[in-house]
Amino acid sequence: MELPPSRFQSCLDFCPECGSVLPRPGPHSTIRCPRCAFTLRSADFEGKVVRSTIEFNRLEPMAGRGLDLTPHLDGPLVERRCPRCGHEGMAYRTRQMRSADEGQTVFYTCPQCRFQEKEDS
């Protein structure tokens, strides 16, 4: 079976017609691109070695572990009186703590005494 020539040359990992990632060769004698149906011979892949590596991002010692208990003062200020010191104006930030169909949690922090309270909405 004679296969039509491709429009341009490419690495065997990608379809030479449309650039899509090709499936790995299997027991069939041809490999068909899932996007444009271009066909390659499996024999073209003989002797090819595929190597892959996975690099993980380094995590900070406490990154992603539990709640951050340090008060954040970098959020916007709202007109809310601090229940501890009476200061008018508290910084706030929001976080989705429960499932997506429930409201988010709002954390308020007093910029004066650093008192923190939360409100579930």
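In the block above lies the structure referred to throughout.
Counting restarts for each chain, with residues numbered from 1 along the sequence as it is written. Thresholds applied to this predicted model are a pLDDT of at least 70 for local features of residues and 80 or more for the giving and counting of side-chain atom pairs; totals over whole chains, interfaces and linings are not thresholded and use all residues. Side-chain figures throughout are based on the complete set of non-hydrogen atoms in the structure, without hydrogens or water.

Novice: Provide a residue-level description of the pairing of strand S6 (residues 116–120), including the pertinent values.
Specialist: Only when DSSP finds a minimum of two bridges between them are two strands counted as paired. Put simply, DSSP H or I for four residues or longer makes a helix, DSSP E for two residues or longer makes a strand, and each gets a number counted from the N terminus. Pairing between strand S5 (residues 105–109) and S6: five bridges, direction antiparallel. Its bridge partner being in S6, Thr 105 is matched across the sheet by Asp 120. In this structure, the hairpin formed by S5 and S6 is closed by a connection of six residues, where Arg 114 is found at a positive phi of approximately 65 degrees.

Novice: If you had to explain the nonpolar core to someone new, which residues and values would you point to?
Specialist: Of all hydrophobic cores here, the largest spans seven residues; its members are Cys 15, Leu 22, Ile 31, Cys 33, Phe 38, Leu 40 and Phe 45. Only heavy atoms matter for contacts: two residues are in contact if any of them lie within 4.5 Å across the pair. When residues no more than four places from it in sequence are discounted, the contact partners of Cys 33 are Cys 15, Cys 18, Ser 20, Leu 22 and Phe 38. Throughout, nonpolar core names a set of buried Ala, Val, Leu, Ile, Met, Phe, Trp, Tyr and Cys residues whose side chains join them through atoms within 4.5 Å. Relative accessibility decides the category of a residue: with a 1.4 Å probe and only protein chains considered, values under 20% of the type maximum give buried, values over 50% give exposed, and everything between is partly exposed.

Novice: Any details on the sheet that holds S5? Residues and values, ideally.
Specialist: Taken in spatial order, the four strands line up as S3-S4-S5-S6 in an open sheet, and their pairing is antiparallel. Two strands in the sheet have a free side with no partner beyond their single neighbour: strand S3 (77–81) and S6. On average, each strand axis in the sheet is inclined to that of its neighbour by 40 degrees, with strand direction left out of account. Where S3 and strand S4 (residues 88–95) come together, three bridges link them in antiparallel fashion. Considered in S4, the bridge of Leu 77 is made with Ala 91. To obtain an axis, a line is fitted to C-alpha atoms, over the contacting stretch when the element is a helix, and the angle between two such axes runs from 0 to 180 degrees between their N-to-C directions.

All quantities given are derived from atomic positions and should not be read as evidence of function.
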